[in-house]
Amino acid sequence: MSARVNAVTSTPALRARRRLGDRFGDVFLHGLTGAAAAAAGALLVAIAWKIFDIAHPAISKYGFAFVTRQGWDAIHSRFGALDLIWGTLLTSFLALLIATPVSIAIGLYLSELAPRGARTVIASLVELLAAIPSVVLGLWGILVLGPFVGQDLGPWLHRHLGFIPLFDGTPQNAGILVAVLVLTIMIVPITSSICRELFLGVPTELEEGALALGATRWEMVRGVILPYTRTGVGAAVILGFGRAVGEAIAVTQVIGAGYGIHWSLFATGDTLASKLAEQYQSAATKIQTASLVYLAAILLVISLLVNLLAQVIVRRFSHQRTGGS
Amino acid sequence: MAVDAARFSLTPSPRTRRRKLINVLMQALATLAALAAVAVLALVIGSVAQRGASALSWDFFTKTAVTFGQSGGGVANALVGSLVIVALATAMAVPVGILIALYVSEFAPPRIADLSRLVLDVLNGLPSIIIGIFVFGLLVIGSGQAAWKGSFALAIIMLPLIARATQEVLALVPSSLREGALALGASRWRTVLGVVLPTSLGGILTGTVLAIARAAGETAPLLFTTSIAANAVTWDPRQPVLSIPYDIFILSESADPADHARAWALGFVLISFVLVTSLTARLLLVRYRKKLEG
Amino acid sequence: MDTMGAVAPIEIAQAREAPLSASDREAVFETRGLTVSYGKAPAVSNVDLPIYRNLVTAIIGPSGCGKSTFLRSLNRMNDLIPSAKVDGEVLYHGQNIYGDGVDPVEVRRRIGMVFQKPNPFPKSIYDNVAWGLRVLGMKDDLDGRVERALTQAALWDEVKNRLKKGAFGLSGGQQQRLCLARAIAVEPDVVLLDEPASALDPIATTKIEDLMHELKNEYTLVIVTHNMQQAARVADMTAFFTLERTESGGHGVLVEYDETPKIFTQPDDKRTEGYVTGRFG
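Computed from a predicted structure; not experimentally measured.

So, how was this worked out
- Residues numbered from 1 in each chain as written.
- Chains lettered and ligands numbered in written order.
- Predicted model: local features only at pLDDT ≥ 70, side-chain atom pairs only at ≥ 80, totals over all residues.
- Helix = DSSP H or I, 4+ residues; strand = E, 2+ residues; numbered from the N terminus.
- Rg over C-alpha atoms; globule rule 2.2 N^0.38 Å.
- Contact = placed C-beta atoms within 7 Å.
- Nonpolar A, V, L, I, M, F, W, Y, C, P; charged D, E, K, R; others polar.
- Axes fitted to C-alpha atoms, helices over the stretch in contact; angles between N-to-C directions.
- Parallel < 35°, antiparallel > 145°, perpendicular 65-115°, else oblique.
- Left-handed = near helix turned anticlockwise from the far one by under 90°.
- Buried ≥ 20, exposed ≤ 12 C-beta atoms within 10 Å, placed from the backbone.

Peer 1: Teacher, can you tell me more about the overall build of chain C here?
Peer 2: Counting its regular elements, chain C contains eleven helices and ten strands. In summary, chain C has a C-alpha radius of gyration of 19 Å against a globular reference of 19 Å for 281 residues, a match within 12%. Taking the principal axes of the C-alpha coordinates as reference, chain C spans close to 55 × 45 × 35 Å.

Peer 1: Looking at this structure, I do not really get the interface of chain C and chain B. What am I missing?
Peer 2: Interfaces are frequently sized by the accessible area removed from exposure as the parts join. In this complex, chain C contributes 13 residues to the contact, which on the side of chain B involves seven residues. By residue number, the principal contributor to the side of chain C that touches chain B is helix 3 (residues 104-110) of chain C, which donates four residues. Residue composition of the side of chain C that touches chain B, grouped by class: five nonpolar, four polar and four charged.

Peer 1: So what exactly am I meant to see when it comes to the packing of helix 4 (residues 125-135) of chain C against helix 7 (residues 172-185) of chain C here?
Peer 2: The angle between the axes and the distance between the axes are what describe a pair of packed helices. All names here are of chain C. Packing of helix 4 against helix 7 leaves a shortest axis separation of 8 Å and a crossing angle of 25°. Comparing their axes, helix 7 and helix 4 come out roughly parallel. Relative to helix 7, the crossing made by helix 4 is right-handed. Contacts between helix 4 and helix 7 pair Ile125, Asn128, Val129, Gly132 and Leu133 from the former with Leu178, Ala181, Arg182 and Ala185 from the latter. Residue composition of the contact of helix 4 with helix 7, by class: six nonpolar, two polar and one charged.

Peer 1: Any chance you could explain the interface of chain A and chain B here in plain terms?
Peer 2: With 70 residues of chain A at the interface, the matching set in chain B holds 69 residues. Top element by residues in the side of chain A that touches chain B is helix 1 (residues 12-62) of chain A. It accounts for 19 residues. Per-class residue counts for the side of chain A that touches chain B are 48 nonpolar, 15 polar and seven charged.

Peer 1: I tried to follow the environment of Ile187(A) on my own but got confused; where do I start?
Peer 2: Residues and elements named next belong to chain A. Among the secondary structure elements, Ile187 is positioned in helix 6 (residues 176-200). Look at Ile187 and you get buried, because 28 C-beta atoms sit within 10 Å. Sequence separation between Ile187 and Ile98 is 89 residues; the distance between their C-alpha atoms is 9.7 Å. The residues contacting Ile187, other than those within four sequence positions of it, are Ala95, Leu96, Ala99, Gly240, Arg243 and Ala244.

Peer 1: Even after reading the chapter, I still don't get unusual backbone geometry, so can you show me in this structure?
Peer 2: A positive phi is found at Ala257(A), a non-glycine position, where the angle reads about 50°. Looking at the element boundaries, Ala257(A) is found in the loop between helix 9 (249-254) and helix 10 (272-278). In the Ramachandran plot, Glu195(C) falls in the positive-phi region, its phi being about 45° despite a non-glycine side chain. Mapped onto the fold, Glu195(C) is located in the loop between strand 7 (190-194) and helix 8 (202-215).

Peer 1: How should I be thinking about the environment of Arg110(C) in this particular structure?
Peer 2: Inspection of the secondary structure assignment puts Arg110(C) in helix 3. When the 21 C-beta atoms within 10 Å are taken as the criterion, Arg110(C) is described as buried. As for Arg110(C) and Ser198(C), which are separated by 88 residues in sequence, their C-alpha atoms are 25 Å apart. Aside from chain neighbours lying at most four places away, what touches Arg110(C) is Phe8(B), Pro188(C), Asp189(C) and Val190(C).

Such coordinate-based values are descriptive only and should not be taken to indicate function.
Set out below in structure tokens:
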């Protein structure tokens, strides 16, 4: 970068100054932006560190047994995470169970079936569902969905499927089932838009190859599109699971703050995240606060694992395009 | 010839008919799923609009909440509070987000760029309540709540969104533009700040708007950082202020139907803001992309 | 891209095995006034072309004259393009494949296709061939059918010990033969080949061409090729298309259709002569 034909910089003094200014500017910008990027990494570490730090009194008192103990007794300072872990896993897995096929179906609809003109419109509408703030969805859950579940859907399920432990018990306006439905509504837009992009990315020649053999569209989807995208779909599902696990506000609004481990969907309960939101003002003793944040630490670990897993899959998927064993 | 006719027949055989039936069934299911999603969207927005719009009034926007039992009053303090919190959060997140994106896009060696992107993606996936607790532990313990502390929490949530959107836009800037500037003798930093960044402004703007839409609706981070607020309109970020999402949260859990009505109205305001900003941002992004590529 | 240069009479003579008279043969396909348009603009118009059983028919012509469009209309693959419109008739053993009550799925089962770029499924070699069989319900003696198809495609010996390995591990030429095996496994009546060797090296190309001599005993083959020498080597009948320019653009038309030796040595139409002698194209 030495030969610069420029009348302004023709004098040696100016040329030297300009280059110094530029070099300083380059180094400064490089350093500043690098510091910002490093700060992001430091932030992540700081978050993990701080959470475990606040939780430390509870961790040292209860140890790992906290994870396997039931009950949340503030009066006697006996706290355990098992009820909450159960609530988290039950609600998130059930929501995933419903949301995954629905999301795949929507992704297929938007990539294969919808009339061209309607495609972007409907895709935008589905994505709009993700933009609804969770507290508003929770509000709707309390005042609209809850009564529907308590008075219509719940009794119907109990009447017809009451022999299954899931539908045993008395339907209420709040509880696990309402929480599952709300979480499903949150997961579907995320997972379906990822699926849609994955399905659109399947090479046309592969699709044509299947159709040219005399396969129906569905057979082509089942034989080519779904196998081709299965890793990406898996990552999308995991991301949806992570979203469900971490949702605090909407879940706490509709889940009813119950205790214990129940199989019935009509029971009230709590998840790790919803417990945190529920008790934010009422932590009286230091050990109670620490125990709450111990819950947050467990949630953090689950969330980090789930997230990292999804990210690793996504990154490996983009380098991988093999067939067979 | 009869054998041939059967062999070459183009009308569906029984087996093909069954396969076609399955095909139609699957198509119907997929269509149903999409319609269900749109229906739920309509249901939720419809409920909010129907129940919320009726409670809106001039008082609603300008007065603060009244004590329990009386009628009237409004949510002015929540509106102002949200404005303060989100504006501050944006001011915190945007510069840092742009800087990170610049690093990843212009300066970082490939492996560090990948690592940075991973860090941002993981940050993005953290539950917002965890971030709230983090800020609580970092800033609130010992010194109390404040609006700016809530902003800090929101800024952490906005950061990956802005960084990612900016990064995507920077990647769209044609390398010929960069090379042209460098060939003229401009230094790296002048190229980035004087050519690349201005070209990307439109995309950065829309990314920021989307992040604002997201932050405006977040409740969990504010629970621990700015929830215990006085019932007056406060513009001072050093005080804890009420926010729209937190107000909705409290009102929704109350037993009083009047509170519910106010919650719907606030929800209507919030949804309107979020939806309008999201849609506008997306439209702007599409137009901006066309301008860059066309 | 060697469309230049006249084709030597000797090459043509070597391609012929026995004297044939097309008029004796049954027409597997007969297109009547076939016009395919994308939106308003016709891509190929008013084609009347019979395709005869157990012969190799080549479609040649300059690029853009609608050869592939014509080919794809024979198995209703143009249906996949939303703006495509088909006028006229394509009679397959007397039935119009675009008529009412005709199912494209059945059409494509009888009329297979091999594409320009090899497109094996992301599955094992075995499953690539077996997938179509399973879907169409030809599951009896699956192993035997797979082996037969791979043998007919001259691929069996090369892959018999790695059937469970991924298809992407094969070379381009092998992948294309796999696609051919997969197409003939489902026992079609006709196989359409859209420039099957244009993405392959010369050795792989020769293998494909040799295969076509074998395959035509069992199937009817229609091949689109931009390589005149190839047409001369493999085809019994040759159809020459060209681009007819109009104010609104251009569209493809059938100029001449006859036995290959005639097309290349004594074409009736001046445009055919110009193309095969390399004066344009």
